[in-house]
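# Structural overview for review
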Amino acid sequence: MLIKTEGFVLKNKKYAETDSMLTLFTRMVGKVNVIAKGARRPKSNLLAGIQPFCYSDFVLYKGRSLYTVSQCEAKKIFYEIREDLDCLSYGAYLLELVEAVTNEGQTNNRLFNLLGKTLSIITNKDIELQTIVRAFELKLLFYSGFKPHLTSCVNCNAQQFKQIRFSVEEGGIICPQCFQVDPFATKISETAVRLANYLLNKDIIEIQKLKVNETLNKELKIILKKYIMVHINKYQFKSLEMLDKL
Ligand SMILES: [Zn+2]
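Thresholds applied
- Residues numbered from 1 in each chain as written.
- Predicted model: local features only at pLDDT ≥ 70, side-chain atom pairs only at ≥ 80, totals over all residues.
- Heavy atoms only, no water.
- Helix = DSSP H or I, 4+ residues; strand = E, 2+ residues; numbered from the N terminus.
- Rg over C-alpha atoms; globule rule 2.2 N^0.38 Å.
- Buried < 20%, exposed > 50% of the residue type's maximum accessible area, 1.4 Å probe, protein only.
- Contact = heavy atoms within 4.5 Å.
- Areas by Shrake-Rupley, 256 points an atom, 1.4 Å probe, with all protein chains shown as cover.
- Lys, Arg positive; Asp, Glu negative; His and termini not counted.
- Charge placed at Lys NZ, Arg CZ, Asp CG, Glu CD.
- Pairing = 2+ DSSP bridges.
- Axes fitted to C-alpha atoms, helices over the stretch in contact; angles between N-to-C directions.
- Domains from an automatic or database assignment.
- Buried area = accessible area lost by both parts, 1.4 Å probe.
- Donors = N, O, S within 2.8 Å, 3.2 Å for Na, K, Ca; no water.
- Tetrahedral: all angles 85-135°; square planar, octahedral: opposite > 155°, others 65-115°.
- Parallel < 35°, antiparallel > 145°, perpendicular 65-115°, else oblique.
- Nonpolar A, V, L, I, M, F, W, Y, C, P; charged D, E, K, R; others polar.
- Core = buried A, V, L, I, M, F, W, Y, C linked by side-chain atoms within 4.5 Å.
- Salt bridge = Lys/Arg side-chain N within 4 Å of Asp/Glu carboxyl O.

## As for the overall build of the chain
Of the regular secondary structure elements, the chain holds seven helices and eight strands. For the chain, whose C-alpha radius of gyration is 20 Å, the value lies close to the compact-globule estimate of 18 Å for 246 residues. Principal-axis analysis of the C-alpha atoms gives the chain an extent of 65 × 40 × 30 Å. Counting across all 246 residues of the chain, residues that qualify as buried make up 49%. In the chain, 59% of the contacts between residues at least 6 apart in sequence involve partners at least 24 apart. Within the structure as shown, the chain displays about 13,100 Å² of accessible surface, and the carbon and sulfur contribution to it stands at 50%. Counting 35 positive and 25 negative side-chain charges, the chain places the averaged centre of each group 3 Å from the other.

## What about the sheet that holds strand S2 (residues 19–26)?
Ordered by their spatial adjacency, five strands build a closed barrel running S1-S2-S3-S5-S4, and the pairing between neighbours is mixed. Looking at each pair of strands side by side, their axes are set apart by 50° on average, direction ignored. Here helix H2 (residues 109–121) sits on the sheet in contact with strand S1 (2–15), S2, strand S4 (55–62) and strand S5 (67–76), set at roughly 60° to S1.

## Quick word on the domain arrangement of the chain
We note that the domain assignment places domain 1 (2–76) and domain 2 (79–148 + 181–245) within the chain. A separation of 26 Å is found between the C-alpha centroids of domain 1 and domain 2. At the junction of the two partners, domain 1 supplies 21 residues and domain 2 supplies 23 residues. Of all residues in domain 1, Phe25, Lys31 and Phe53 bury the most surface against domain 2, accounting for 42% of the area lost on that side.

## Details of the coordination of the zinc ion
The protein atoms that coordinate the zinc ion are Cys153 (SG), Cys156 (SG), Cys175 (SG) and Cys178 (SG), at distances of 2.3 to 2.4 Å. Taken together, the four donor atoms surrounding the zinc ion define angles of 104 to 116° at the centre, an arrangement classified as tetrahedral. For the zinc ion, the single-chain donor residues occur in sequence as C-x2-C-x18-C-x2-C. In this pair, Cys153 sits in the loop between helix H3 (129–143) and strand S6 (165–167) while Cys178 sits in the loop between strand S7 (172–174) and strand S8 (186–187), placing the two residues 25 residues apart along the sequence.

## Overview of the packing of H2 against H3
Interhelical geometry of H2 versus H3 gives an angle of 170° and a closest axis separation of 10 Å. By the angle class used here, H2 and H3 are roughly antiparallel. Contacts from Arg110, Leu111, Leu114, Leu115, Thr118 and Ile121 of H2 reach H3 at Ile132, Phe136, Lys139, Leu140, Phe142 and Tyr143. Here the contact of H2 with H3 is composed, by residue class, of nine nonpolar, one polar and two charged.

## Quick word on the nonpolar core
Leu115 and Leu119 are the most contacted members of the largest nonpolar core, which totals 63 residues. Sorting the residues of this core by element identifies S1, helix H1 (85–101), H2, H3, S7, helix H4 (190–201), helix H5 (204–207) and helix H6 (214–231) as the ones contributing at least two each. Looking at this core element by element, the count peaks at nine residues for H3. Two domains each donate at least three residues to this core, and these are domain 1 (2–76) and domain 2 (79–148 + 181–245). In terms of nonpolar packing, the next biggest core, distinct from the first, is built from 18 residues, Leu22, Leu24, Cys54 and Cys72 among them.

## Digging into the packing of H1 against H2
It is at 11 Å that the axes of H1 and H2 come closest, and there the two elements cross at 175°. Classified by the angle their axes make, H1 and H2 are roughly antiparallel. Residue-level contacts link Leu94, Leu95, Val98 and Val101 of H1 to Leu111, Leu115, Thr118 and Leu119 of H2. Of the residues assigned to the contact of H1 with H2, the class counts are seven nonpolar, one polar and no charged.

## Focus on the pattern of salt bridges
Tallied over the entire structure, the rule returns nine salt bridges. The shortest N-O distance in the salt bridge between Arg27 and Glu6 comes to 2.9 Å. Linking Arg27 in the loop between S2 and strand S3 (30–36) with Glu6 in strand S1, this pair joins segments that are 21 residues apart in sequence. For Arg27, a relative accessible area of 25% corresponds to the partly exposed category. Between Glu6 and Lys75 there is a salt bridge; the shortest N-O distance is 3.9 Å.

Rendered as C-alpha cells:
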C-alpha cells in the first residue's frame, strides 16, 4: 500500500550499511518509523529531504511489518536552525517533545501545524526563544491531552483566590482550601498563571511579538519541566542536556 503524506523528520539514524531509519511525524499516519533504502549513499536522491527538521512530501510504502520511503521531496529544510547553537538545541527539544507525545498511526493535525509554525518562528532573530518554547510546551500538552488546568482550582473549582499553588500531581492550580491535597505543590504567581493561559490560548504567530520578564519565564519553565516529566513520562531530553553543558 502506498501512502502520500507531508511529514517532519524527527530522527534519522543509521540502519544497515547504506540505509537510514527515520522517525517521521506525518499528517496522514501520525508518527511512523520508516526505512530509507540506500539513503546513506552519497548520490541518493532521498538525501535532501530526510535530515532532522526537514519538512517533506513523502510517498511511503507500507509492507507487512515495515514502512519504506518510495519517494521524498523536501518542501522546507529549516537550514537556519543549524546556524545557531541555542536555536539548534531548542529545535531538537521540540522534536523530542513531539516524539514523546505522539503515537504510531494516530494523527494530530493541531500539533502538526504547531510544529511547522514554531520551527519557522525560532529561526527569527528578534524573538524570545524561551517564550516560544514555553508556548510550544503548553500547546503540545493541550493538543496531546495533557492540558494543565489553569482557570480555576483543579480540585474544588474555586475561581478567585490570591495564594496559588501548582500541583503537578493534580494537574493544575489549587486554592488555599485545597493545599492539603498535595503537600508538594509549589507556589505560583498570579502573573505566571495569567501568562500560561495567554500562551495556551493565543496563536503562536501572535506570541512571537511578546516580551516576557526573565524571572517570570523561569518560574513557568521550572513548573512545566516537572509537569512534562510526570505527565508525558519523559525524564531526559538529550537536547537540553547539551544546553546545560554549554
Ligand atoms: Zn480548591
